[in-house]
Amino acid sequence: MNFSSFRSPILIFCLILLLWEGVVVFFKVPDYLVPSPIQIGALIPARIGDLFSAFIITGGEALGGFLLSAVVGVAVGLFFSVSAIIRRCFYPYVVLLQTIPIIAISPLILLWLGNGSLSVLFISFLISLPAVVVNTTQGLISVEINLLNLFKMGNATVPAILFKLRLPHALPHIFVGLRIAAGASVVGALVGETFAGSSALGAGGLGYSSIYALSQLATPYLFALILASSLLGLVFFFAVAILERLTVGTWHDSILGDRME
């Protein structure tokens, strides 16, 4: 991962900003509908304190949901990998969790956990969990049969096979799930804040602040909040990507092949 890989996206982003500015100025679009990039850029320094506070609150809630989904998801994947019977009995419930609209059950979560950060964290966890479980399970059960037979010939125990063969083999799959969960956790935190409101400290995160800005028709600030939300998702994604390179980047073909391109 080097700067050259970001040149094209940065160039395209700059072109989009130029086109956006030109369209808004040429068609004289009201700023309460679509503000220009210059207006948004001028607003950010004036509201940087509010943006940073909302960024930290949402980031903390999303981080809690992500870490919880990582721990629980990997543990559930390990449990599923032990037996095909276990997978047949419990795996459909993971699929069911993935298909239930989180908005439909958010009021129930608020009833149980109340308003505030705890509900937001739990919603973030629910949205992030299926990706970790599915990818971890797939990686753990995809070990080559010859390697399994080799371990069994050496009278390896089930825990030894699980932690010395299956788990190392599954690491790239696990990190795929973690990358998906990283973005999903931010989305979950934003969705949760629209239902759960402000945090326990009385301050609002990015999602809550977006609803408030919309009610005030503060569209430039709303776009700044959207930009901050996108930045938070990128921070989470690249943090997981860096951790993946530090963990499996020295030996796995997928990472080594990416380096050689």
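No experiment lies behind these values; they were computed from the predicted model shown.

## Remarks on the overall build of the protein chain
Here is step 1: What the protein chain contains, in helices and strands, is 11 helices and zero strands.
Here is step 2: Secondary structure elements in the protein chain, listed N-terminal to C-terminal, are α-α-α-α-α-α-α-α-α-α-α.
Here is step 3: Oriented by its inertia axes, the alpha-carbon framework of the protein chain measures out at about 75 × 50 × 30 Å.
Here is step 4: Looking at the 261 residues of the protein chain, the share that counts as buried comes to 38%.
Here is step 5: Here the analysis covers contacts within the protein chain between residues at least 6 apart in sequence; of these, 72% occur between residues at least 24 apart.
Here is step 6: Total accessible area computed for the protein chain in this model is approximately 14,700 Å², and 74% of it derives from carbon and sulfur atoms.
Here is step 7: The average position of the 11 basic charges and that of the 10 acidic charges among the side chains of the protein chain differ by 12 Å.

## Topic: a nonpolar patch on the surface
Here is step 1: Taken together, the side chains of Phe79, Phe90, Tyr93, Leu96 and Ile100 define a hydrophobic patch exposed on the protein surface, amounting to about 500 Å² of accessible area.
Here is step 2: Here the element with the most residues in the nonpolar patch is helix H4 (residues 84-99); it accounts for three residues.
Here is step 3: Topologically, Ile100 is positioned in the loop between H4 and helix H5 (102-113).
Here is step 4: Accessibility expressed as a relative area gives 34% for Ile100, which makes it partly exposed.

## Focus: the packing of aromatic side chains
Here is step 1: By the definition in use, this model includes eight aromatic pairs.
Here is step 2: Seen in terms of ring centroids, Phe79 and Phe80 are 6.1 Å apart; in terms of plane orientation they differ by 40°. Their pairing is tilted.
Here is step 3: Judged by relative accessible area, which is 3%, Phe80 ranks as buried.
Here is step 4: Over the ring of Tyr221 we find Arg47, and its NZ or CZ is 3.8 Å from the ring centre.

## Brief notes about unusual backbone geometry
Here is step 1: Despite not being glycine, Asn155 has its phi angle at roughly 60°, a positive value.
Here is step 2: Here Asn155 shows up in the loop between helix H7 (145-153) and helix H8 (158-196).
Here is step 3: Exposure remark for Asn155: the relative accessible area of 66% places this residue in the exposed category.
Here is step 4: A positive phi angle, near 55°, is found at Leu217, a position not held by glycine.
Here is step 5: Its place among the elements puts Leu217 in the loop between helix H9 (206-215) and helix H10 (219-248).

## Concerning the packing of helix H3 (residues 48-81) against helix H6 (residues 117-140)
Here is step 1: Packing of H3 against H6 leaves a shortest axis separation of 6 Å and a crossing angle of 35°. Between H3 and H6 the crossing geometry is right-handed.
Here is step 2: A breakdown of the residues in the contact of H3 with H6 according to their chemical character gives 16 nonpolar, 11 polar and one charged.

## Section: the confidence of the model for the protein chain
Detailed reading of the predicted coordinates is not advisable wherever pLDDT falls low.
Here is step 1: For the protein chain, per-residue confidence averages 88 on the pLDDT scale, and 91% of positions sit at 70 or higher.
Here is step 2: Put simply, helix H11 (residues 253-260) is where the protein chain has its lowest mean pLDDT, 52, and H3 is where it has its highest, 95.

## A look at the nonpolar core
Here is step 1: In terms of nonpolar packing, the biggest core is built from 34 residues, with Phe66, Leu178, Leu206, Tyr221 and Phe236 touching the most fellow members.
Here is step 2: Contributing elements (two or more residues each) for this core: helix H2 (37-46), H3, H6, H8, H9 and H10.
Here is step 3: In terms of residue count, H8 provides more of this core than any other element does, 10 residues in total.
Here is step 4: Formed by 11 residues, the second largest nonpolar core is a distinct cluster that contains Val94, Ile109, Leu129 and Val133.

## Topic: the pattern of salt bridges
Here is step 1: Here the structure, examined in full by the defined rule, presents two salt bridges.
Here is step 2: The shortest N-O distance in the salt bridge between Arg47 and Asp50 comes to 2.9 Å.
Here is step 3: Of the residues examined, Arg47 reaches a relative accessible area of 28% and is grouped as partly exposed.
Here is step 4: Residue classification places Asp50 among the partly exposed residues on the basis of a relative accessible area of 41%.
Here is step 5: Put simply, Arg179 and Glu244 hold a salt bridge, and the shortest N to O gap is 2.4 Å. Remark: Glu244 occurs in helix H10 and Arg179 occurs in helix H8; sequence separation between them is 65 residues.
Here is step 6: Among the residues examined, Arg179 registers a relative accessible area of 23% and is labelled partly exposed.
Here is step 7: Classification of Glu244 by relative accessible area gives buried; the value is 8%.

Calculation criteria
Residues numbered from 1 in each chain as written. Predicted model: local features only at pLDDT ≥ 70, side-chain atom pairs only at ≥ 80, totals over all residues. Heavy atoms only, no water. Helix = DSSP H or I, 4+ residues; strand = E, 2+ residues; numbered from the N terminus. Buried < 20%, exposed > 50% of the residue type's maximum accessible area, 1.4 Å probe, protein only. Contact = heavy atoms within 4.5 Å. Areas by Shrake-Rupley, 256 points an atom, 1.4 Å probe, with all protein chains shown as cover. Lys, Arg positive; Asp, Glu negative; His and termini not counted. Charge placed at Lys NZ, Arg CZ, Asp CG, Glu CD. Patch = residues over 30% accessible without salt bridge, like charges linked within 9 Å, V, L, I, M, F, W, Y side chains within 5 Å. Salt bridge = Lys/Arg side-chain N within 4 Å of Asp/Glu carboxyl O. Phe/Tyr/Trp six-rings, centres within 6.5 Å; stacked < 30°, edge-to-face > 60°. Lys NZ or Arg CZ within 6 Å of the ring centre and 35° of its normal. Axes fitted to C-alpha atoms, helices over the stretch in contact; angles between N-to-C directions. Left-handed = near helix turned anticlockwise from the far one by under 90°. Nonpolar A, V, L, I, M, F, W, Y, C, P; charged D, E, K, R; others polar. pLDDT = per-residue confidence, 0-100. Core = buried A, V, L, I, M, F, W, Y, C linked by side-chain atoms within 4.5 Å.

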